[in-house]
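Residue-level structural notes
Residue strings, one per chain:
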Number of protein chains: 2
Amino acid sequence: MRREQVFWGWGEPGAGPSLGEHAEDYLRGEIGIDGGVVSPPVELDAVRLSEPVLDAALRARLEAIVGAEAVRSDREARVLRCRGKSYLDLLAQRAGACEDAPDAVVAPGGHDEALAVLQACSEAGVAVVPFGGGTSVVGGVEPLRGAYESVISLDLARMDRVLAVDERSLTAVLEPGLRLPEADHALAAHGLTLGHVPQSYEWATVGGCVATRSAGQLSTGHGRIDANLVAARCATPLGELATLDAPASAAGPALRQLLAGSEGVLGVITEVALRVHRLPAMRRFEGWLVPGFEPGCDVLRALVQSGTAPDVARFSDEAETNFTLAFAGAGRAAGAFVGRRCLLVCGWEGTPESVARRRREAARTLRRVSARYATQRVGREWVASRFAGPHLRDGLIDRGVMVETLETATSWSNLPALHDAVHEALRGTLAGCHVSHLYPTGASLYFTVFARADAADPAGQWRALKDAATDAIVAAGGTITHHHAVGRDHARWLADEDGDLGVELLRAVKERCDPAGVMNPGKLLPD
Amino acid sequence: MRREQVFWGWGEPGAGPSLGEHAEDYLRGEIGIDGGVVSPPVELDAVRLSEPVLDAALRARLEAIVGAEAVRSDREARVLRCRGKSYLDLLAQRAGACEDAPDAVVAPGGHDEALAVLQACSEAGVAVVPFGGGTSVVGGVEPLRGAYESVISLDLARMDRVLAVDERSLTAVLEPGLRLPEADHALAAHGLTLGHVPQSYEWATVGGCVATRSAGQLSTGHGRIDANLVAARCATPLGELATLDAPASAAGPALRQLLAGSEGVLGVITEVALRVHRLPAMRRFEGWLVPGFEPGCDVLRALVQSGTAPDVARFSDEAETNFTLAFAGAGRAAGAFVGRRCLLVCGWEGTPESVARRRREAARTLRRVSARYATQRVGREWVASRFAGPHLRDGLIDRGVMVETLETATSWSNLPALHDAVHEALRGTLAGCHVSHLYPTGASLYFTVFARADAADPAGQWRALKDAATDAIVAAGGTITHHHAVGRDHARWLADEDGDLGVELLRAVKERCDPAGVMNPGKLLPD
């Protein structure tokens, strides 16, 4: 049985990094928390669950397909698959509000079993919510029932095989339930790596990344998951959907780009062929302090447009730089330009020649805007804490802190206006932002928001901020999501992104392969 | 009025390169043609046309939308928009068989007019065939009527404006009817270029390239058109479809990748936002002779997988090398390894540093397989003749030669098997192949085929070869088209690429935005 997350947070207490004294001090001063644990999660036994409702004949049919032990209705299985890991999810899970947990957790062993499960559920009228790593922060795994009485969580944990590795073509065919570290472990034996490292790396699955168009910390260098997707196979209620494994094609619209980002509403991805990358000969990470956000953006733009970008580039605005340094205990002493210092972390991977060449170019361009080298230590610290955020969040929520992130992307020309518009919408909170992914035509912006949680209505407090920020993003021309996906939380704004007819076309596709509407109701497409 | 192609071929006689003495001699020896013009095209006046059928009320409505002068039913307009430029198209055009020419040629002046034209045709039940450059080689602009009595050619010639250039974000918003040289001319004033150079460059339009997922000679370096597509706007019978201009997004399936390759069956692309490229500081082209096809493919694979590929790489197999050298008059004297020599043309663009670095890497890798440097002259000759093929074809057809090309792509691992399978299917012809586009995971194969035309049934002769080659491609796991698109000619095989359910999903999309089925009937989707 593979390791599972705790139902109320990111990891077992003590298993990951915990909130340091500096961070707690800083937040006490900035947002006025009291200190100490004010809001602990309930125990598993205290979680409120409803009796599972699943037709006996369907249960028997599902057990015949996947085996009796792969159809679970026990408390632990249902509670863990009740939600993802957004702030709103964690608030509800910590409070033990799992009345709407899935009625059963069904784990197919492969494509054929997944296909049979979907057909059975479609015929029986039972909603199906695919569940990979369960790390959605947009309500993507919420067990909504749509028009139906029952809902199952389709757990992909058993579909975790490496089906093929082609060292010559640099591709691997993987099952969707494979977690990213497991995929990398298997690939390392071939001298290869996925090159896909989202902050959810520890728990996220290959299939979940494809279904949500994930981007990772290395995506500036190695491309988003959709850019690395060579082919996909999908089980739908009406049968198999599979795209050809070809490096490129002009054979009509790219179906694999319809499956990427489909978020389980068409079916479930059962196999993916991904481009993989050779393990780099060397890695180097370092920090810089740049006197201002716009000059730093200009540097990053110049590097990515000249093809010399670092593989990882995380560039914090002044607000984020301040709290990042404060959390690390570096405070105001950490650098020059107090009040106008923006922290840039750059990472390069590859041959020594490629790393050295691009580093030189970055240094030259950064010095031109009077940036100051902040040593490899800053880079190494970033690497060491690259997965820390969601662990720290558990401790922050314990202490009564509202903490969440949101993200968008736009063209280089529009980036300053979008940055300002979102900050304006988040006014009254402690909010900071970093540029997280570079493209020749633009970049993404990733905001982290802290506030003292409103004890009376913490969910409503965040919802109001999220609505304001998303409305501001849409008004300022940004995408509603650069890498978190749509799920339940962004569905209301999908027509702002795709237009009414665009949404209608996606709905037409869904209706054709899921006529009963059992696949992940309430996600991606607005009601 | 912009310059137009001749109705029966690629260009006015004498306007482009013509067939040389060496080529004629070689073909006389190899395929037994007689020499001299045996099959000239008919004069325009001798072309057979039917009386145009277009409801008077609809004509009046169309004239009210686009202006009377933009609704044409004259002989020249109809004949030129009767077909594209495949061998089969040219056979029919040269014979003057234009009985099925469009009933009218309607040229909207912008998005709103295009939208109104499509709505009018959808209501009246008249088929609409979008026409950009008219260079389709897969029957993409054939004026098929579908279920209807009348068909119009929707000519995009008037929609040829540059709507916006963003030098900061390296994007340009262009109208679809803009020809590629016109786009490059306008962009050059900003120090920019499309970086998109298909062999049809002289005539092809921006919108046509997007609608057919075009790849150009520089696509190894600058990416296919679909990789450079930032956003698209489309007029459909049911209204506008527009995608957000963002560098990347996780907001569900990528609608722009549904419009790319849509081949006019959903609507007509009315605006595209493309990533553009800075004009390179330098260009260098050179030739190499490699002792064998597989070692050369290994070199190209190593270069593209290490990120040091040339921007242009054209690598001919032994058969193509032989006729390329013979056509150039170089014959068997041109290089070493007689009988096992494969011509490679490499082109680099960019900063002197980038060109020098990648050239060094290519030379080092090529010398490792005992390749011989064949001078910059070979490279310059390739550049000088890079658009010659379709001009030479006119002269070849004059002389009774069957001449056509076909193309596919697959993974590096599968490339040798696919190469052999297609050659086997073309046995009995003079056929050669080159690798034309490199990807980290694979490459494309482009075949050119010559034979003495079967005077009794030249079309049937090619159809039999094309069927055999496409069946072989499908059986060997290649894509049915890497950059020529599907059109009418590949539609039969689309389900081999996308699966039955995949085709059904595309059909569902079409039915949602084109319920009357007026948009480009008989193309892309099999009947």
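See the structure above.
No experiment lies behind these values; they were computed from the predicted model shown.

For the rest of this paragraph, the subject is the pairing of strand E7 (residues 162-166) of chain A. Note: E7 of chain A against strand E8 (residues 171-174) of chain A, four bridges, orientation antiparallel. Looking at E8 of chain A, one finds that Val165 of chain A is bridged to Ala172 of chain A.

All names here are of chain B. Here helix H16 (residues 458-475) contains 18 residues, and its C-alpha end-to-end distance of 26 Å stays within 8% of the 26 Å for a straight helix at 1.5 Å per residue. Taken together, the buried positions of H16 are Ala459, Gln461, Trp462, Leu465, Lys466, Ala469, Thr470, Ala472 and Ile473. Projected down its long axis, H16 carries its buried residues within an arc of 160°, all on one side. Opposite the packed face of H16, turned more than 90 degrees from it, sit the exposed residues Ala464 and Ala475.

Residue and element names in this part refer to chain B. Applying the stated criterion to the full structure yields 70 salt bridges over all chains. Between Glu24 and Arg399 there is a salt bridge whose closest N-O contact spans 3.0 Å. Here the residue Glu24 occupies a position in helix H1 (residues 21-31), and Arg399 occupies one in the loop between helix H14 (389-398) and strand E18 (401-411), the gap between them amounting to 375 residues. No difference in accessibility class separates Glu24 from Arg399, as the two residues are buried.

Residue and element names in this part refer to chain A. Taken in spatial order, the five strands make up an open sheet running E7-E8-E12-E10-E11, and their pairing is antiparallel. The open sheet has two edge strands, E7 and strand E11 (239-242), and neither has a second partner. Ignoring strand direction, the axes of neighbouring strands in this sheet form an average angle of 10°. By the bridge criterion, four bridges tie E8 to strand E12 (residues 268-275) in an arrangement that is antiparallel. Along E12, the bridge assignment pairs Leu174 with Val272. Along the sheet, helix H5 (residues 111-124) contacts strand E10 (229-236), E11 and E12; its crossing angle with E10, the most-contacted strand, is approximately 45°.

Chemically, a disulfide is nothing more than a covalent bond linking the sulfur atoms of two cysteines. All names here are of chain A. All chains considered together, the criterion is met by zero disulfides over all chains. Looking at the unpaired Cys121, the closest cysteine sulfur is the one in Cys234, lying at 15 Å. No disulfide involves Cys513; its sulfur sits 7.1 Å from the nearest other cysteine sulfur, which is in Cys234.

This paragraph deals with the interface of chain B and chain A. With 74 residues of chain B at the interface, the matching set in chain A holds 76 residues. Of the roughly 5,900 Å² buried where chain B meets chain A, counting both sides, 60% is carbon and sulfur surface. Viewed at the interface, chain A and chain B are joined by six salt bridges. With a shortest N-O distance of 2.8 Å, Arg512 of chain B and Glu504 of chain A are connected by a salt bridge. Inspection of the region where chain B meets chain A yields 34 residue pairs in polar contact (both at pLDDT 80 or more). Looking at the side of chain B that touches chain A, the elements that each hand over two or more residues are strand E10 (229-236), strand E11 (239-242), helix H9 (256-259), helix H10 (293-305), helix H12 (352-368), E18, strand E20 (442-452) and helix H17 (494-513) of chain B.

It is worth spelling out unusual backbone geometry at this point. One can expect most non-glycine residues to show negative phi and most peptide bonds to be in trans. The backbone phi angle of Asn520 of chain A is positive, close to 40°, even though this residue is not glycine. Of note, Ala485 of chain B is a non-glycine position whose phi angle comes to about 80°, a positive value. In this structure, Ala485 of chain B sits in the loop between H16 and H17. When its relative accessible area of 1% is taken as the criterion, Ala485 of chain B is described as buried.

Time to look at the packing of helix H15 (residues 415-425) of chain B against H16 of chain B. All names here are of chain B. Running from N to C, H15 and H16 cross one another at 160°; their axes reach a closest spacing of 8 Å. Considered as vectors, H15 and H16 are oriented roughly antiparallel to each other. Crossing geometry of H15 relative to H16 is assigned as right-handed. Here Leu418, Ala421, Val422 and Ala425 of H15 come into contact with H16, specifically with Leu465, Ala468, Ala469, Ala472 and Ile473.

Before going further, it helps to examine the side chain of Glu497 of chain B. Position of Glu497 of chain B among the secondary structure elements: in helix H17. Arg256 of chain A provides the closest opposite charge to the buried, unpaired Glu497 of chain B, separated from it by 7.9 Å. A polar side-chain atom of Glu497 of chain B sits 3.2 Å from a polar atom in the side chain of Ser249 of chain A. Setting aside residues no more than four positions away along its own chain, Glu497 of chain B makes contact with Ala242, Thr243, Leu244, Ser249 and Ala251 of chain A together with Gly478, Thr479 and Ile480 of chain B.

At an RMSD of 0.0 Å, chain B and chain A line up after a rotation of 180° and a shift of 0.0 Å along the axis. A rotation of that kind, with that shift, is consistent with a two-fold axis.

Residues and elements named next belong to chain B. Most of H14 is tucked away: eight of the ten residues are buried. Regarding H14, the residues found buried are Pro390, His391, Arg393, Asp394, Gly395, Leu396, Ile397 and Asp398. Check the buried side of H14 and you find it contacts H1, helix H4 (87-94), E18 and E20. Looking one or two residues beyond H14, the residue adopting positive phi is Gly400, at roughly 80°.

Residues and elements named next belong to chain A. With the rule as written, the count across this model stands at 16 aromatic pairs over all chains. A network of ring pairs unites the aromatic residues Tyr26, Phe323, Phe327 and Phe450 as a single cluster. One residue, Arg81, lies across the ring of Phe131, its end atom 5.4 Å from the ring centre.

This brings us to the sheet that holds strand E15 (residues 312-316) of chain A. All names here are of chain A. Pairing is antiparallel across the open sheet formed by seven strands, whose spatial order is E17-E14-E16-E15-E19-E20-E18. One side of each edge strand has no neighbouring strand; the edge strands of this open sheet are strand E17 (372-373) and strand E18 (401-411). Alignment of strand E19 (residues 430-439) against strand E20 (residues 442-452), held across eight bridges, turns out to be antiparallel. The partner of Val435 across the bridge, within E20, is Leu445. Each of E18 and E20 touches helix H14 (residues 389-398); the most contacted strand, E18, lies at about 135° to it. Here helix H16 (residues 458-475) sits on the sheet in contact with E18 and E20, set at roughly 10° to E18.

Let's shift gears to the side chain of Arg179 of chain A. Residues and elements named next belong to chain A. With respect to the secondary-structure elements, Arg179 resides in the loop between E8 and helix H6 (180-188). Buried within the structure, Arg179 lacks any salt-bridge partner; its nearest side chain of opposite charge belongs to Glu182, at an N-O separation of 4.7 Å. Beyond its immediate sequence surroundings of up to four residues, Arg179 is in contact with Arg2, Arg3, Glu202, Trp203, Ala204 and Thr205.

Criteria and cut-off values
- Along each chain, residue indices are assigned from 1 in the same order as the chain's sequence is written.
- Written order decides the labels, with chains lettered from A and ligands numbered from 1.
- Totals for whole chains, interfaces and linings use every residue, but because this is a predicted model, local features are given only for residues with pLDDT of at least 70 and side-chain atom pairs only at 80 or more, for both listing and counting.
- Processing note: side-chain calculations cover all non-hydrogen atoms of the structure and skip hydrogens and water entirely.
- Here, a strand pair is defined by DSSP locating no fewer than two bridges between the strands.
- Helical segments are the DSSP runs of H or I of at least four residues, strand segments are the runs of E of at least two, and each set is numbered from the N terminus.
- Take the residue count of a helix, subtract one, and multiply by 1.5 Å to get its expected span.
- Any residue under 20% of the maximum accessible area for its type is buried, any over 50% is exposed, and the rest in between are partly exposed; the area is computed with a 1.4 Å probe on protein chains only.
- This arc is taken over the directions from the axis of the helix to the C-beta atoms.
- Salt bridge, as used here: a side-chain nitrogen of Lys or Arg that lies within 4 Å of a carboxyl oxygen of Asp or Glu.
- Convention adopted: a line fitted to C-alpha atoms gives each axis, helices being fitted over their contacting stretch, and angles between N-to-C directions are expressed from 0 to 180 degrees.
- Whether two residues touch is decided by their heavy atoms; if any such pair falls within 4.5 Å, the residues are in contact.
- To count as a disulfide, a pair of cysteine sulfur atoms needs to be within 2.5 Å.
- By buried area we mean the combined loss of accessible area, with a 1.4 Å probe, across both parts when two parts are placed together.
- The definition of a polar contact used here is a pair of N or O atoms within 3.5 Å, where within protein one atom must be able to donate a hydrogen and the other to accept one, and adjacent residues in sequence count solely through side-chain atom pairs.
- Relative orientations are named as follows: roughly parallel for angles under 35 degrees, roughly antiparallel for angles over 145 degrees, roughly perpendicular for angles from 65 to 115 degrees, and oblique for any other angle.
- The sense of a crossing depends on the near helix, which, turned anticlockwise from the far helix by less than a right angle, makes the crossing left-handed and, turned clockwise, makes it right-handed.
- Only four residue types enter the tally: Lys and Arg on the positive side, Asp and Glu on the negative side, with His and both chain ends excluded.
- Superposition of the copies used a least-squares fit over C-alpha atoms from residues whose pLDDT is at least 70 in both.
- Stacked, tilted and edge-to-face are the three classes assigned to paired rings of Phe, Tyr and Trp, where Trp is represented by its six-membered ring and a pair needs centres within 6.5 Å; plane angles under 30 degrees give stacked, over 60 edge-to-face, the rest tilted.
- Whether a charge sits over a ring depends on NZ of Lys or CZ of Arg being within 6 Å of the ring centre and within 35 degrees of the ring normal.

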